[in-house]
Amino acid sequence: MAAPGFRHQGTQNPAGGARRLLCCLLALVVTIVVIVGLIILIFWLVVRPKPIDYYVDGASVHDFNISSSDALNATLDLTLVADNHRNHRVSVYYDDFEVTVWYDDNMIAFSNVDPFYQPKRNETRLDVHPLAKSTPLLSSVAKDLKHDRSGGKVELEVRVRSRIRFKVGSAKTKHYTLHAYCPVVVKFSSATNFDRVYCDVDI
């Protein structure tokens, strides 16, 4: 029996206090994440980039040759245009830029473009020279290409792949991947005019 006037005091549970502190920290982190997410969402909705237009303004081929072993050598001269006129607030960083040329689902030539910055409301022209250097071809593909060469023109698809970031004021977004698909008819006669071809763009 306890002596009169003696009050027994219970000890605090350290584990319970740690749990309460952990819950408070977790709630704080979740709140911060939600607030930052809302800020990013509102920012994106306000300045959401308009689509970037791409088109091919010129295409020609020279030094075209298919060897007896069905290897292709050729250089294409392409004029690509990236049109950012629809974006009044948004500029674009192109951190890498790859151009490939395809014939009947076979990649036959490629080229890389140095990174560049495109201001808002800007049209950037790119002179690109995809190269086919001893590119091996299936015999059926080589046969079709020779037939097209004899006919004076060839149907190709120019594909662009680029890692881009959008910039508004001093803020920059994460990386996005831009794809552009441009069907072109290239004529072997250098005196032939080229009609502008618009591309399908996906970001």
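To keep things clear, this report deals only with the structure shown in the data block. Here the structure is a predicted model, which means the values were calculated and not measured.

Looking now at empty space enclosed by the protein. Across all of its chains, the model carries one cavity of 30 Å³ or more by this definition. If you trace the largest cavity, you find 13 residues lining it, with Val61, Phe64, Leu76, Ile108 and Leu156 closest to the centre. Elements with a minimum of two residues in the lining of the largest cavity: strand 1 (53-66), strand 2 (71-83), strand 4 (106-113) and strand 8 (153-168). Examining the composition of the lining of the largest cavity, we find that three residues originate from one element, strand 2, more than from any other. When grouped by side-chain class, the residues that make up the lining of the largest cavity number 13 nonpolar, no polar and no charged.

In this section: the environment of Leu126. When you line up the elements, Leu126 lands in strand 6 (residues 123-128). According to the relative accessible area criterion, Leu126 is buried, its value standing at 10%. The spatial distance from the C-alpha of Leu126 to the C-alpha of Leu78 is 8.0 Å, given a sequence separation of 48 residues.

Attention now moves to the side chain of Asn87. As for its placement among the helices and strands, Asn87 is situated in the loop between strand 2 and strand 3 (91-103). If we ignore the near neighbours within four places in the chain, the residues touching Asn87 are Pro49, Lys50, Pro51, Ile52, Lys120 and Arg121.

Let's shift gears to the packing of aromatic side chains. Overall, the coordinates contain eight aromatic pairs when judged by the stated rule. Through pairs of rings, three or more aromatic residues link up here, namely Tyr54, Tyr94, Phe97 and Phe116. Above the ring of Phe188, the side-chain terminus of Arg149 is found at 4.4 Å from the ring centroid. Looking at Arg159, its charged tip hangs above the ring of Trp102, at a distance of 4.0 Å from the centre.

Let us now look at unusual backbone geometry. Even without being a glycine, Asp104 presents a positive backbone phi close to 50°. Tracing the chain through its elements places Asp104 in the loop between strand 3 and strand 4. Non-glycine residue Ser134 carries a positive phi angle of around 55°. As for its position among the elements, Ser134 is in strand 7 (residues 131-136). Overall, Ser134 belongs to the partly exposed group, its relative accessible area being 46%.

If charged atoms from side chains of opposite charge come close, those side chains can pair. This structure, assessed with the given rule, holds six salt bridges. Between Arg125 and Asp57 there is a salt bridge, and its shortest N-O distance comes to 3.0 Å. Of the two residues, Arg125 sits in strand 6 while Asp57 sits in strand 1, which places them 68 residues apart along the sequence. For Asp57, a relative accessible area of 22% puts it in the partly exposed group. The shortest N-O distance in the salt bridge between Asp95 and Arg165 comes to 2.7 Å. Taken as a pair, Asp95 in strand 3 and Arg165 in strand 8 lie far apart in primary sequence, 70 residues in all. A relative accessible area of 24% means that Asp95 is categorised as partly exposed. Salt bridges here are not isolated pairs; linked through shared partners, they connect Asp57, Arg125 and Arg196.

Reading the values: the criteria
- Residues numbered from 1 in each chain as written.
- Predicted model: local features only at pLDDT ≥ 70, side-chain atom pairs only at ≥ 80, totals over all residues.
- Heavy atoms only, no water.
- 1 Å grid on protein atoms, 1.4 Å probe; cavity = no way out; pocket = protein on both sides within 12 Å on 5 of 7 lines; lining within 4 Å.
- Points joined across faces, edges and corners; volume = space filled by probe spheres on them.
- Helix = DSSP H or I, 4+ residues; strand = E, 2+ residues; numbered from the N terminus.
- Nonpolar A, V, L, I, M, F, W, Y, C, P; charged D, E, K, R; others polar.
- Buried < 20%, exposed > 50% of the residue type's maximum accessible area, 1.4 Å probe, protein only.
- Contact = heavy atoms within 4.5 Å.
- Phe/Tyr/Trp six-rings, centres within 6.5 Å; stacked < 30°, edge-to-face > 60°.
- Lys NZ or Arg CZ within 6 Å of the ring centre and 35° of its normal.
- Salt bridge = Lys/Arg side-chain N within 4 Å of Asp/Glu carboxyl O.

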